[in-house]
Amino acid sequence: MLSNKFFNYILALVLCSALFGCREQEKVGFTIYGTLVNGRVVKTAYLYEFLPQYESIRMIDSAKVGADRFVLQGRSDERKPAFIRLDSAKEGIDFFLSNHDLNIVIGKNSYSVSGTEDNYRLSNMIRLQHTAVNTRKQIQDEYSKLVADSVLTKQLEDSLSMAYAKPSKDLRKLILSEITANMDSDVMFSRMCLRLFSSHITAEEVDSLAQLLNVPLIKTEVSSRK
């Protein structure tokens, strides 16, 4: 028969395991590793969370930027939309916040977030948006040069017009697809997409989707909501 001493030893192990388990649970949270690229100069990064239905925001953490890097930390009781403001910039770096490690690479005109599947999907849409905008600008510059050189023909003009319209059409199609496809399974993702990419779809589509998603359309700006 096992001795009381052995039972006491087992009990002590169980209690220690429970204690350390609780401590491990207390450590659960998120860490955001930010990196600035392409000459982006920033002194301070501020992390905000959106409260329900985007009606208000709350600052969670802030960090000084050193050697083009910063780290933000905290704990999120649930997955939620959030954004990072760099210094006094009005536009934010939007993403989904949850208790995971995230890596955010921020350039002068775009950014990407990795670490979770939803942020990967959102970053892919941001990348395609950036590509579409740049493509249109390149075509516009080419058109202006042809006009300035007096070598623009009707054939070239038609070709450039079609090329100029295609990126916008493709992006609009993707945005509508992502919003409608996730309405039931991930309404938070649909709401984020509508808020970020509403300028790339028609006003009628924006109004219709906003009603379906029950969300007001606001920009990620904090200067007017401090």
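Here, every reference points to the structure presented above.
Residues numbered from 1 in each chain as written. Predicted model: local features only at pLDDT ≥ 70, side-chain atom pairs only at ≥ 80, totals over all residues. Heavy atoms only, no water.

A. Representation of the overall build of the protein in the model. Scanning the protein from terminus to terminus reveals five helices and eight strands. In sequence order, the secondary structure elements of the protein are arranged as α-β-β-β-β-β-β-β-β-α-α-α-α. In the protein, which comprises 226 residues, the proportion classed as buried is 35%. Intrachain contacts of the protein at a sequence separation of at least 6 include 59% that bridge at least 24 residues. If you sum the accessible surface of the protein, you get close to 13,900 Å²; carbon and sulfur atoms cover 54% of it. (Helix = DSSP H or I, 4+ residues; strand = E, 2+ residues; numbered from the N terminus. Buried < 20%, exposed > 50% of the residue type's maximum accessible area, 1.4 Å probe, protein only. Contact = heavy atoms within 4.5 Å. Areas by Shrake-Rupley, 256 points an atom, 1.4 Å probe, with all protein chains shown as cover.)

B. Inspection of the pairing of strand E6 (residues 93–97) at higher detail. Of all five residues making up E6, five are buried, and the element is well covered by its neighbours. Counted between consecutive antiparallel strands, the loop separating strand E5 (residues 80–86) from E6 contains six residues, among which aspartate 87 sits at a positive phi close to 55°. (Pairing = 2+ DSSP bridges.)

C. Broad picture of the pairing of strand E1 (residues 30–36). With six of its seven residues buried, E1 lies for the most part within the structure. Two strands pair when backbone bridges link them, and E1 and strand E4 (residues 69–74) are joined in this way by six bridges, in the antiparallel orientation. Looking across to E4, one finds that threonine 31 is bridged to glutamine 73. In this sheet, strand E7 (residues 101–106) lies alongside E1 in parallel orientation, the contact comprising six bridges. By the bridge assignment, isoleucine 32 is partnered in E7 with leucine 102.

D. Geometry of helix H3 (residues 154–181). Along its 28 residues, H3 runs 40 Å from first to last C-alpha, staying within 8% of the 40 Å computed at 1.5 Å per residue. For H3, the complete set of buried residues consists of Leu160, Pro167, Leu171, Ile175, Leu176 and Ile179. In this structure, the buried side of H3 is in contact with helix H2 (117–148), helix H4 (187–197) and helix H5 (203–213). (Expected span 1.5 Å × (residues − 1).)

E. The sheet that holds E7, seen in detail. With mixed pairing, the four strands of this open sheet are ordered in space as E4-E1-E7-E8. Single-partner strands in this sheet number two, and they are E4 and strand E8 (111–114). Neighbour-to-neighbour, the strand axes of the sheet open up by a mean angle of 15°, direction not taken into account. By the bridge criterion, four bridges tie E7 to E8 in an arrangement that is antiparallel. The residue bridging valine 105 from the neighbouring strand is serine 112, located in E8. Sheet strands in contact with H2 are E7 and E8, and its direction is about 160° off that of E8. (Axes fitted to C-alpha atoms, helices over the stretch in contact; angles between N-to-C directions.)

F. Fine view of the sheet that holds strand E3 (residues 57–64). The strand order across the open sheet built from four strands is E3-E2-E5-E6, with neighbouring strands paired in antiparallel fashion. Whereas interior strands pair on both sides, the edge strands pair on one side only; in this sheet they are E3 and E6. When the angles between neighbouring strand axes are averaged without regard to direction, this sheet yields 25°. Examined bridge by bridge, E5 and E6 share five bridges and lie antiparallel to one another. Each residue of the ladder has a partner; that of lysine 80, found in E6, is leucine 97. Contacts from H4 reach strand E2 (44–50), E5 and E6 within the one sheet, and its direction differs from that of E6 by about 175°.

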